[in-house]
Amino acid sequence: PPGHGQSSAIEKWDQTMVAAIFRRIMKDLSSTTAIVGGHSVGAVVALSTIEILPFQVGGIILIDGGYFNPFSTRSIKELKDVNRRFLDENVFPSWDHYIASEKSQSKIWNENILLASKAAAVQTTDGTVKLRIGLDTLNQATAFIKAFSLDNMSSHLVPALLLFGRRLVALN
C-alpha cells in the first residue's frame, strides 16, 4: 500500500483511495478483472477490493495477512498511542542491531528476507536505524483496518489462496 516501503506517503488512506488506485491499474492494463494479492496489511487492502469493486476481482491471494480485525475493541486514540510506542521502540543503534533483531524474529533467513528487511528501514542522520513507515501512514493504515470487517463484505465469491506461516512446504 502507499506509504509502505519506499513509496511516498499519502494524505488519506481509505477505501476510496484503494478503489482509485485499483481502477487506474486496471485501466493501464486494459483489463476488466484481476487477481489481487496482498501481504500483511496489504492482505486487508486486497480483501477490501472485493468489497469496493466485487466484479473486477477475479481471485485473491492473501499472504501472512491478519484476516481478522484486532483493532475492533480499541479506540482510534488508543491505537495511535500504540503506533507511536511501536515506532519509538523500533529504533536501533545500527544496521547490525536492526538485522540481528529481524533475524531473531524469523525461523528462516536468506538474501531475499535480508533485502526485504533493509527495504523496510532507513538510517537516520544520527546513525540510528528506524522503520521506514511514518506515524501518519501507520495511523492511516490502522484506521483502514479498524474500519474493515469481513462481516460487512459483499457476498461476491472469488477463488482464494491463503498463505500463512513460517515454514516452506513443497506441494506436489
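Remember, it's a predicted structure, so these values are computed and weren't measured experimentally. (Residues numbered from 1 in each chain as written. Predicted model: local features only at pLDDT ≥ 70, side-chain atom pairs only at ≥ 80, totals over all residues. Heavy atoms only, no water.)

1. What about the overall build of the chain?
- If you tally the helices and strands in the chain, you get six helices and six strands.
- Across the chain, helices and strands are ordered from the amino to the carboxyl terminus as α-β-α-β-α-β-α-α-β-β-α-β.
- Within the chain, buried positions represent 31% of all 172 residues.
- Total accessible area on the chain stands at roughly 11,200 Å², and carbon and sulfur atoms take up 56% of it. (Helix = DSSP H or I, 4+ residues; strand = E, 2+ residues; numbered from the N terminus. Buried < 20%, exposed > 50% of the residue type's maximum accessible area, 1.4 Å probe, protein only. Areas by Shrake-Rupley, 256 points an atom, 1.4 Å probe, with all protein chains shown as cover.)

2. Let's talk about the pairing of strand β2 (residues 57-63)
- In this sheet, β2 lies alongside strand β1 (residues 34-39) in parallel orientation, the contact comprising six bridges. Its bridge partner being in β2, V36 is matched across the sheet by I60.
- With respect to chirality, the unit in which β1 leads through helix α2 (residues 41-52) into the neighbouring parallel β2 is right-handed. (Pairing = 2+ DSSP bridges. Right-handed = clockwise from strand over helix to strand, strands pointing away.)

3. Comments concerning the pattern of salt bridges
- For the coordinates displayed, the defined rule picks out one salt bridge.
- Here K77 and D81 are joined by a salt bridge, their closest N and O atoms 3.2 Å apart. With K77 and D81 both in helix α3 (residues 76-89) and four residues apart, the pair spans about one turn of that helix.
- The class for D81 is partly exposed, based on a relative accessible area of 33%. (Salt bridge = Lys/Arg side-chain N within 4 Å of Asp/Glu carboxyl O.)

4. A look at the environment of F86
- By the secondary structure assignment, F86 is in helix α3.
- Owing to a relative accessible area of 38%, F86 belongs among the partly exposed residues under this scheme.
- Ignoring sequence-local partners within four residues, the contact set of F86 consists of L131 and L138. (Contact = heavy atoms within 4.5 Å.)

5. Observations regarding the sheet that holds strand β5 (residues 129-131)
- Ordered by their spatial adjacency, three strands build an open sheet running β3-β5-β4, and the pairing between neighbours is antiparallel. In this open sheet, the two edge strands, each paired with only one partner strand, are β3 (91-92) and β4 (121-123).
- The strands touched by helix α4 (residues 95-104) are β3, β4 and β5; relative to β4, the strand with the most contacts, the crossing angle is about 165 degrees. (Axes fitted to C-alpha atoms, helices over the stretch in contact; angles between N-to-C directions.)

6. Comments concerning the nonpolar core
- Ranked by size, the top nonpolar core spans 13 residues in total, and within it F22, V36, A46, V57, I60 and L62 carry the most contacts.
- Elements that contribute at least two residues to this core include exactly α1 (15-28), β1, α2 and β2.
- When residues of this core are assigned to their parent elements, the largest contribution, four residues, is made by α2.
- One finds F92, Y98, A121 and L131 within the second-largest nonpolar core, a separate group that totals 10 residues. (Core = buried A, V, L, I, M, F, W, Y, C linked by side-chain atoms within 4.5 Å.)

7. With respect to the packing of α4 against helix α5 (residues 111-119)
- Put simply, α4 and α5 touch, their axes get as near as 11 Å, and they point 120 degrees apart. Considering the angle they form, α4 stands oblique to α5. For the element pair α4 and α5, the recorded crossing hand is right-handed. Counted together, W95, Y98, I99 and E102 of α4 and L114, S117 and K118 of α5 form the full contact between these two elements.
- For the contact of α4 with α5, the per-class residue count stands at four nonpolar, one polar and two charged. (Parallel < 35°, antiparallel > 145°, perpendicular 65-115°, else oblique. Left-handed = near helix turned anticlockwise from the far one by under 90°. Nonpolar A, V, L, I, M, F, W, Y, C, P; charged D, E, K, R; others polar.)

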